[in-house]
Each structure stands twice: as structure tokens, then as C-alpha cells.
Amino acid sequence: MGQNVFEFRGSLDAGTAVERAIESWYKGLDDYNFIRGSSHGGITGRLFSQIVWKRSERLGMGVASSGNRTIAIAFYDPPGNIQGEFANNVFPAQVNS
């Protein structure tokens, strides 16, 4: 099972935590190389590729808060980020004219 984890400082409600986590993971788009089919070596590109991985069919999200800390976790099944499979599962945005 694939997963992404994001930690926040502060207590957030579940909906806000999920929204901020996904926004953060999606920003990894800037670190992803669609020509090579991989990240530029940073973890953020792999966080992005997992959330858009074509073959992942199920998503589960969990949020927990304690004191001044909130953690959001996403689980993907089947997992993404499989070496040699990026070009078949991560695509650039299509612009319709």
C-alpha cells in the first residue's frame, strides 16, 4: 500500500487538514519531470506522482491531532511510484481548446 504523510503545526479540523495536505503534495508537480517520467530527485515529486498515479484505485485518508500537531495520511491501493512505470501512470495536464 502506498502512502503520503503530512504534518502541520497547530490543530486543524479534518477537512482543512486533508485539503492542505493534498495542496502540499500536489505542489510536487514542480519537481516532476514528465519527459523522464520521474522526479528531479526530490521527495516532493514522488508525493505528487503518488496522488495522480493512474493505477491507484482506492484512497483512504486519516487525520489525527494532538496538542499543537496535526498529521494527515493518505493510503493508496494499489501503490504508485513503481520504478519503470511512471510514464504509464503519471501524465501532464491536458489542455482542451
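How each quantity is defined
Residues numbered from 1 in each chain as written. Predicted model: local features only at pLDDT ≥ 70, side-chain atom pairs only at ≥ 80, totals over all residues. Heavy atoms only, no water. Pairing = 2+ DSSP bridges. Helix = DSSP H or I, 4+ residues; strand = E, 2+ residues; numbered from the N terminus. Salt bridge = Lys/Arg side-chain N within 4 Å of Asp/Glu carboxyl O. Buried < 20%, exposed > 50% of the residue type's maximum accessible area, 1.4 Å probe, protein only. Core = buried A, V, L, I, M, F, W, Y, C linked by side-chain atoms within 4.5 Å. Contact = heavy atoms within 4.5 Å. Phe/Tyr/Trp six-rings, centres within 6.5 Å; stacked < 30°, edge-to-face > 60°. pLDDT = per-residue confidence, 0-100. Polar contact = N/O pair within 3.5 Å; in protein donor to acceptor, adjacent residues only side chain to side chain.

Draft legend 1. Region of the structure containing the pairing of strand S4 (residues 58-66). When S4 meets strand S5 (residues 69-77), the two strands line up antiparallel, connected through 9 bridges. Along S5, the bridge assignment pairs Leu59 with Tyr76. Hairpin connection, S4 to S5: the antiparallel pair is bridged by 2 residues, and Gly67 has positive phi, about 60°.

Draft legend 2. Inspection of the pattern of salt bridges at higher detail. Under the counting rule described, the total for this entry stands at 3 salt bridges. Ionic pairing is found between Glu7 and Arg69, a salt bridge with its closest N-O pair at 3.0 Å. Within this pair, whereas Glu7 is found in strand S1 (residues 2-9), its partner Arg69 is found in strand S5, the two being separated by 62 residues in sequence. Relative accessible area serves as the criterion here: at 41%, Arg69 is assigned to the partly exposed category. We note a salt bridge from Glu57 to Arg58, for which the minimum N-O separation is 3.4 Å. The exposed category is assigned to Glu57, whose relative accessible area is 63%.

Draft legend 3. Looking closely at the nonpolar core. If you look at the biggest cluster of nonpolar residues, it comprises 9 residues: Phe8, Leu12, Ala17, Ala21, Trp25, Leu47, Ala72, Ala74 and Tyr76. Elements represented by at least two residues in this core include exactly helix H1 (14-26) and S5. Once you skip the residues sitting within four places of it in the chain, Ala74 turns out to touch Gly2, Gln3, Asn4, Trp25, Leu59, Gly60 and Met61. Ranked by size, the runner-up nonpolar core spans 5 residues in total, among them Tyr32, Trp53, Phe86 and Val90.

Draft legend 4. Broad picture of the packing of aromatic side chains. Tallied over the entire structure, the rule returns 7 aromatic pairs. Summarising the aromatic geometry, the rings of Tyr32 and Phe86 are spaced 6.3 Å apart at their centres and angled 35° between planes, so their arrangement reads as tilted. Highlighted residues: Tyr32 in strand S2 (residues 32-33) and Phe86 in helix H3 (residues 86-89), separated in sequence by 54 residues. For Phe86, a relative accessible area of 4% puts it in the buried group.

Draft legend 5. The arrangement of the confidence of the model for the protein in detail. On average, residues of the protein score 89 in pLDDT, and 96% of them reach the 70 mark or higher. The secondary structure element of the protein with the lowest average pLDDT is strand S3 (residues 38-39), at 69, and the one with the highest is S5, at 96.

Draft legend 6. Representation of the environment of Asn88 within the structure. For Asn88, the position within the fold is in helix H3. It is 17 Å that separates the C-alpha atoms of Asn88 and Asp77, two residues lying 11 residues apart in sequence.

Draft legend 7. Quick look at the side chain of Ser56. Looking at where Ser56 falls in the secondary structure, it is placed in the loop between helix H2 (43-52) and S4. Here Gln50 takes part through its side chain, which lies 3.4 Å from a polar atom of the side chain of Ser56. When neighbours within four sequence positions are excluded, Ser56 is seen to be in contact with Gln50, Tyr76, Asp77, Pro78, Pro79 and Gly80.

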